[in-house]
Amino acid sequence: MKVLARMITPQYRLIWGCALLFSALFNLSFFKHFMDAFPIADGNTGFVVSAGVLLVAVHALFFSLLGGRFFTKALLILGFFIGASAAYFSWTYGVVIDKTMLQNMIQTDTAEAFGLLSTQLVIVMVIFAVVPALLIYKVSLNYRSLFIESRAKLISILLSVVMILLTLLAYSANYASFFREYKSVRYYSAPLFPIYSAGKYFKGDHKDLLKPADQMQNVAPDAKIVHKVKDTHELIVLIVGETGRADHFSLNGYPRETNPLLSKRKGVISFSKMTSCGTSTAVSVPCMFSSDTRSQFSSKSIYNKLNALDTLKDNNVAVLWRDNNSSSKGVAERVEYQSFKSPDTNTICDPECRDTGMLVGLDDYVSQHPNQDIVVVLHSMGSHGPEYYKRYPARFEKYTPVCKGNQLNKCSSEEIINAYDNTMLFTDYFIDQSIDWLDTYSKQYRTALLYISDHGESLGEDDIYLHGMPYAFAPEVQKHVAAITWLNDSSPFKYKDVVKNKDLPFSQDNFYCSVLSLLEVQTETCPHEASIFMNKGN
């Protein structure tokens, strides 16, 4: 063993030392979930210890494979930064850093990113990333000859492989159960799983390779508008909500009155069993407007296939996307787009720019498009966390006390829910104001409104916060979303017919065809039952 140790050069000793630190410092969430699945009280002490050994060996194998004279220090420093940040967000919010979460983080805007900053995050990064990085930078590795370093690399790799095999064989039955029944636990390992996820993300299938419409697949080439009432046009508002949980809408039976305005308005229908396509904006928004179902949809779909707005535009519908969120996620690339994230364009900011500001100036847009059907998409900020208290004006703070920070795990459940429910009150107001605006045109147009949130939110249930968990094991509250429509006598569909569908199990897979049906677009791509507005009794 002494001979073997001498044959491992300083850089590979550093790798093994860092592998031990990675496993010990950044995997508290991993071991918590691991021991939830295999409690020590049930005699799993040896198995838990073996998992720690396995983590060390796997980290050592990974960095030994990639390490080298010009790479080892940089890779290990990167490992500490990735591990520290992943561990912080995993422990603080219960989230995992997978490919989808990375996509969501990269596509977010500066304001949302700053909303996650905290003193605790800075302290964690300084202690567990900056300090180790400085120590690694200063350490002298005394590189040997190419032959000696190559031999050390091979020994390090073989040693890690042997440790992995022995560990797996020693508890083969336990690991078979772990990989079969609890594979989601591995998502909490850091920094390896975030690095693996980044590799998948940057492999190329995420790239926003925008193409002109004529180079994209037209999924509804036969689409055409067939107006039921001649010499009339539609004026439709689509609200893409943010982080709206269905179970916090009083329209769905929530005991608090979070929909005081909509509950009193005639023509409002809440679809109580709507589920999302994803658990993050980056997935759900493009998926909603795509003809692909959730099982078919991929990050490439939105860049290879024309979406619902493209089909409407091709049929001479005037389409306007107004955004008070991070972006359209590729949906509005070929239609008119306006950002309302800044006081330069949004006239209602205090200082945060409010969703209601997107309604200002819409009359001008309508007047500029006479003799056309019109669709206005409003992408709202809604209930975006973790700083829920910033998502509504002061007069909507009905439920108190509220969580006044972004470290939700330091707030009580009552404070978090109070702040979140206040955002629901403002969402209710915003939708009601949108209906008020639409209603002024009900004698000139056939009007209707459809609101669907992109995904739900965890408010601390099972120590999980925010959203973005992998769909396969995400909690139901991240997938069960609020969805309502408003119809009046001039609408393309009648309230008495559509209200029959309010408790049917719809999903965002139905959104594409529902939007087309609101504009009276007929296409073989959308069968009768695909729209939430079609009378299921017929």
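Residues numbered from 1 in each chain as written. Predicted model: local features only at pLDDT ≥ 70, side-chain atom pairs only at ≥ 80, totals over all residues. Heavy atoms only, no water.

An unreviewed UniProt entry lists the chain under the name Lipid A phosphoethanolamine transferase, from Vibrio halioticoli NBRC 102217.

Student: Quick one: what's the story with the sheet that holds strand β7 (residues 446-453), residue by residue and with numbers?
Tutor: The seven strands lie next to each other as β3-β10-β7-β2-β6-β4-β5, forming an open sheet whose pairing is mixed. Across the chains shown, the open sheet's two edge strands, defined by having one partner strand only, are β3 (268-270) and β5 (336-339). Direction aside, the axes of adjacent strands within the sheet are offset by 15° on average. With eight bridges connecting them, strand β2 (residues 234-241) and β7 associate as parallel partners. Paired with Ile236 across the strands is Ala448, a residue of β7. Packing against the sheet, helix α16 (residues 413-439) makes contact with β2, β3, β6 (374-379), β7 and β10 (483-487), and its axis sits at approximately 165° to β7. (Pairing = 2+ DSSP bridges. Helix = DSSP H or I, 4+ residues; strand = E, 2+ residues; numbered from the N terminus. Axes fitted to C-alpha atoms, helices over the stretch in contact; angles between N-to-C directions. Contact = heavy atoms within 4.5 Å.)

Student: Talk me through the UniProt feature "transmembrane region" (unreviewed entry) in the chain; I want residue IDs and the actual numbers.
Tutor: UniProt feature "transmembrane region" (unreviewed entry): in the numbering of this structure it lies at residues 12-35, 47-67, 74-93, 113-137 and 157-176. End C-alpha to end C-alpha, residues 47-67 measures 30 Å, and it is 95% helix and 0% strand. (UniProt positions renumbered as here; feature names shortened; annotations may be inferred.)

Student: How would you summarise unusual backbone geometry if you had to cite specific residues and measurements?
Tutor: Glycine aside, a negative phi is what most residues show, and trans is what most peptide bonds show. Along the chain, Ala190 connects to Pro191 via a cis peptide bond; the corresponding omega equals 5°. Among the secondary structure elements, Pro191 is positioned in the loop between α10 (172-181) and α11 (192-201). Cis geometry marks the peptide bond from Thr400 to Pro401; its omega dihedral reads -5°. Along the chain, Pro401 turns up in the loop between β6 and α16. With phi around 60°, Lys329 is a residue other than glycine that occupies positive phi space. Using a relative accessible area of 5% as the deciding quantity, one classes Lys329 as buried. (Buried < 20%, exposed > 50% of the residue type's maximum accessible area, 1.4 Å probe, protein only.)

Student: How would you summarise the packing of aromatic side chains if you had to cite specific residues and measurements?
Tutor: The full count for this structure, using the stated rule, is 31 aromatic pairs. Their ring planes at 80° and their centres at 5.3 Å tell us that Phe30 and Phe31 sit as a pair that is edge-to-face. Owing to a relative accessible area of 5%, Phe30 belongs among the buried residues under this scheme. A centroid spacing of 6.5 Å and a plane angle of 85° characterise the contact between Tyr175 and Phe178, whose relative ring orientation is edge-to-face. Of this pair, Tyr175 and Phe178 are both found in helix α10, three residues apart, which corresponds to roughly one turn of the helix. Since its relative accessible area comes to 4%, Phe178 is described here as buried. What links up through ring pairs into an aromatic cluster is the set Phe30, Phe31, Phe34, Phe38, Phe47, Tyr171, Tyr175 and Phe178. Against the face of Tyr429 rests Arg395, its NZ or CZ located 5.5 Å from the ring centre. In this arrangement the basic side chain of Lys479 is found over the ring face of Tyr471, its NZ or CZ atom lying 4.7 Å from the centre. (Phe/Tyr/Trp six-rings, centres within 6.5 Å; stacked < 30°, edge-to-face > 60°. Lys NZ or Arg CZ within 6 Å of the ring centre and 35° of its normal.)

Student: Can you explain the packing of helix α9 (residues 146-170) against α10? Please cite residues and give values.
Tutor: One way to put it is that α9 packs onto α10 with a least axis distance of 5 Å and a crossing angle of 95°. It follows from the interaxial angle that α9 and α10 lie roughly perpendicular. Here Thr167, Leu168, Leu169 and Ala170 of α9 lie close against α10, whose contacting residues are Ser172, Tyr175 and Phe179. Taken together, the residues that form the contact of α9 with α10 break down as five nonpolar, two polar and no charged. (Parallel < 35°, antiparallel > 145°, perpendicular 65-115°, else oblique. Nonpolar A, V, L, I, M, F, W, Y, C, P; charged D, E, K, R; others polar.)

Student: Describe the domain arrangement of the chain, listing the residues and the values that go with them.
Tutor: One can read the domain layout of the chain as domain 1 (1-203) and domain 2 (213-522). The interface is formed by 25 residues belonging to domain 1 together with 26 residues belonging to domain 2. Between domain 1 and domain 2, the buried area comes to about 2,100 Å², and carbon and sulfur atoms account for 50% of it. Run the count over domain 1 and domain 2 and you get zero salt bridges. Where domain 1 touches domain 2, the interface holds four residue pairs in polar contact (both at pLDDT 80 or more). (Domains from an automatic or database assignment. Buried area = accessible area lost by both parts, 1.4 Å probe. Salt bridge = Lys/Arg side-chain N within 4 Å of Asp/Glu carboxyl O. Polar contact = N/O pair within 3.5 Å; in protein donor to acceptor, adjacent residues only side chain to side chain.)

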